[in-house]
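Observations on the three-dimensional arrangement
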Amino acid sequence: MKKVINFTKDKINQLPTPQKRTEYYDATEDKLCLQITPKGCKTFYLIKKIDGKVIRLKIGRYPDMAIDKARGKARELKAQIEQGI
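These lines cover the structure that appears in this document, whether it is placed above or below. Predicted model only: the values in this text are computed from it and were never measured. (Residues numbered from 1 in each chain as written. Predicted model: local features only at pLDDT ≥ 70, side-chain atom pairs only at ≥ 80, totals over all residues. Heavy atoms only, no water.)

**Details of the overall build of the protein**
Helix and strand counts for the protein come out as two helices and five strands. When its helices and strands are written in sequence order, the protein yields β-α-β-β-β-β-α. The C-alpha radius of gyration computed for the protein amounts to 13 Å, which stays within 12% of the reference 12 Å derived for 85 residues, consistent with globular compactness. Summarising its shape, the C-alpha atoms of the protein cover approximately 35 × 25 × 20 Å along the three principal directions. For the protein, buried positions account for 40% of its 85 residues. A sequence separation of at least 24 residues applies to 28% of the contacts in the protein between residues at least 6 apart. Separation of charge centres in the protein, based on 20 positive and 10 negative side chains, amounts to 6 Å. (Helix = DSSP H or I, 4+ residues; strand = E, 2+ residues; numbered from the N terminus. Rg over C-alpha atoms; globule rule 2.2 N^0.38 Å. Buried < 20%, exposed > 50% of the residue type's maximum accessible area, 1.4 Å probe, protein only. Contact = heavy atoms within 4.5 Å. Lys, Arg positive; Asp, Glu negative; His and termini not counted. Charge placed at Lys NZ, Arg CZ, Asp CG, Glu CD.)

**Remarks on the nonpolar core**
Residues Phe 7, Ile 12, Leu 32, Leu 34, Phe 44 and Ile 59 are the most contacted members of the largest nonpolar core, which totals 18 residues. Those elements that place two or more of their residues in this core are β3 (32-36), β4 (42-50), β5 (53-62) and α2 (67-82). Looking at which element gives the most residues to this core, the answer is α2, with five residues. Filtering out sequence-adjacent residues up to four positions away, Ile 59 remains in contact with Leu 32, Phe 44, Tyr 45, Leu 46, Met 65, Ala 70, Lys 73, Ala 74 and Leu 77. (Core = buried A, V, L, I, M, F, W, Y, C linked by side-chain atoms within 4.5 Å.)

**Observations concerning the pattern of salt bridges**
Between side chains of opposite charge, a pair can form when the charged atoms approach closely. Scanning all chains against the criterion turns up six salt bridges. Notably, a salt bridge pairs Asp 26 with Arg 71, separated by 2.7 Å at the nearest N-O pair. Of this pair, Asp 26 sits in strand β2 (residues 22-26) while Arg 71 sits in helix α2, and the two are 45 residues apart along the sequence. The class of Asp 26 is buried, set by a relative accessible area of 5%. The shortest N-O distance in the salt bridge between Lys 78 and Glu 29 comes to 2.6 Å. Of this pair, Lys 78 sits in helix α2 while Glu 29 sits in the loop between β2 and β3, and the two are 49 residues apart along the sequence. Owing to a relative accessible area of 16%, Lys 78 belongs among the buried residues under this scheme. (Salt bridge = Lys/Arg side-chain N within 4 Å of Asp/Glu carboxyl O.)

**Topic: the side chain of Thr 43**
Looking at the secondary structure, you find Thr 43 in strand β4. Looking at Thr 43, its side chain comes within polar contact range of the side chain of Arg 61, at 3.3 Å. If near-sequence neighbours (up to four positions away) are discounted, Thr 43 is found in contact with Cys 33, Leu 34, Gln 35, Lys 58, Gly 60 and Arg 61. (Polar contact = N/O pair within 3.5 Å; in protein donor to acceptor, adjacent residues only side chain to side chain.)

Written out as structure tokens, the structure reads:
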């Protein structure tokens with residue numbers, strides 16, 4: 001089951017370090033995902049299905065990449081995908 005939360009600094013910082021890779025999806029920006037590894041590394045991805053294949057595009061690491069910047073980059077990448085780029 002997909003875990004959906006509204007990405008805020010407080011919520012992301014409070015997420016537990018998982019036993020295995022875990023993904024959370026943003027309630028605000030569709031297809032934006034935060035993956036957390038067992039070592040505590042948090043990375044934003046855009047996960048989108050293109051021509052029947054699931055594509056994972058790395059956006060950046062949290063907290064180096066701010067949440068609003070990750071949302072903007074996700075929108076930009078989705079627009080490029082729609083244009084066939």
